[in-house]
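Breakdown of the fold
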Amino acid sequence: ALACSRYCAVHGVRFTALSLHDRRAARDPRYLPAESGWRGFAGRRGALTRDLLARAWAGGHAGTIFAHVNLASLGLLFPGRRKRFAVVAHGIEVWTPLRAWRRGALRHAGAVWPVSDYTGRVTARLHGVSPERIRVIENCLDPFWNAPDDLPAPAARFALVVTRLSSGDRYKGVDVTIRAFARLPHGLGPVELWIVGDGDDRPRLEALAAASGAGARVRFLGA
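A short tour of the structure in this document, coming up.

**Some remarks on the environment of alanine 25**
- Checked against the element boundaries, alanine 25 lands in the loop between β1 (16–19) and β2 (37–40).
- For alanine 25, a relative accessible area of 76% corresponds to the exposed category.
- For the pair formed by alanine 25 and threonine 163, sequence separation is 138 residues and the distance between their alpha carbons is 28 Å.

Structural data, given as structure tokens:
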């Protein structure tokens, strides 16, 4: 949002962010300065749809960026044969077959922006998106984030996992990583596994690390 608002300010285009789940008061001026618009719909899908389509059919619509494929099918209702929208592909939501309208949204988008080369290749192969319309835009750090001063000193070598530790995200395989790490041969010397993140699955993973024999070599650093 910050990058888009800055780009639009330079090029004389009005930028507005529409959020399905946030409320109107959730606007953060650090990311959306005063010249940027903001609308939060608090889960009201019909209201979001009406607002979005009104903007797309209005004169001067430069384009829309859908931050998730689940909303991108609305782009199929945009005017003209050349659809003025792009879709961000984060990962797992495009790694399996999609319903026809979501697959159609990917195929008709002016651009698809996966966050990794792997997701880009899967999107092209599985959903028939032309590779020429795929451009990887990798995730980045929050521009207002500062590293804390009290980070622990690392071991000579360590493996790093950064993710939500949520029971709903077990497909990410943090437990598999812990079990594999515990089986590393001791001849490799001092190696630690750093797990950065937090969530309701953390107690289970901490118990797994203790039971695996890896013990103190697995460090849970929190969020």
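**A word on the sheet that holds strand β8 (residues 218–222)**
- One open sheet holds the three strands; their spatial order is β6-β7-β8, and the pairing between them is parallel. The sheet is open, and its two edges are formed by β6 (157–162) and β8, each paired on a single side. Averaged over all neighbouring strand pairs, the angle between strand axes comes to 20°, with direction disregarded.
- For β6 and strand β7 (residues 191–196), the ladder comprises six bridges, and the chain directions are parallel. Each residue of the ladder has a partner; that of phenylalanine 158, found in β7, is glutamate 192.
- Where helix α6 (residues 174–182) meets the sheet, its contacts fall on β6, β7 and β8, and the angle it forms with β7 comes to roughly 170°.

**Thoughts on the side chain of threonine 163**
- Mapped onto the fold, threonine 163 is located in the loop between β6 and α6.
- For threonine 163, a relative accessible area of 15% translates into the label buried.
- Non-local contacts of threonine 163, meaning those with residues more than four positions away in its chain, are made with Lys172, Val174, Val196, Gly197 and Asp198.

**Quick look at empty space enclosed by the protein**
- Under the definition given, this model contains one cavity of 30 Å³ or more.
- Considered as a void within the structure, the largest cavity measures approximately 60 Å³ in volume.
- Around the largest cavity sit Arg164, Leu165, Ser166, Asp169, Arg170, Val174, Asp175, Asp201, Arg204 and Leu205, which together line it.
- Of all elements in the fold, only α6 and α7 (202–212) reach the threshold of two or more residues within the lining of the largest cavity.

**Let's talk about α6**
- Considered for burial, the residues of α6 that qualify are Val174, Asp175, Ile178 and Phe181. Seen from one end, α6 has its buried residues packed into an arc of 125°, which puts them on one side.
- The secondary structure elements touched by the buried residues of α6 are β6, β7, α7 and β8.

**As for unusual backbone geometry**
- Despite not being glycine, alanine 42 shows a phi value in the positive range, around 50°.
- With respect to the helices, strands and loops of the structure, alanine 42 is situated in the loop between β2 and α2 (45–57).
- Alanine 42 gets classed as partly exposed once you look at its relative accessible area, which sits at 37%.

Definitions and cut-offs
Residues numbered from 1 in each chain as written. Predicted model: local features only at pLDDT ≥ 70, side-chain atom pairs only at ≥ 80, totals over all residues. Heavy atoms only, no water. Helix = DSSP H or I, 4+ residues; strand = E, 2+ residues; numbered from the N terminus. Buried < 20%, exposed > 50% of the residue type's maximum accessible area, 1.4 Å probe, protein only. Pairing = 2+ DSSP bridges. Axes fitted to C-alpha atoms, helices over the stretch in contact; angles between N-to-C directions. Contact = heavy atoms within 4.5 Å. 1 Å grid on protein atoms, 1.4 Å probe; cavity = no way out; pocket = protein on both sides within 12 Å on 5 of 7 lines; lining within 4 Å. Points joined across faces, edges and corners; volume = space filled by probe spheres on them. Arc of directions from axis to C-beta.

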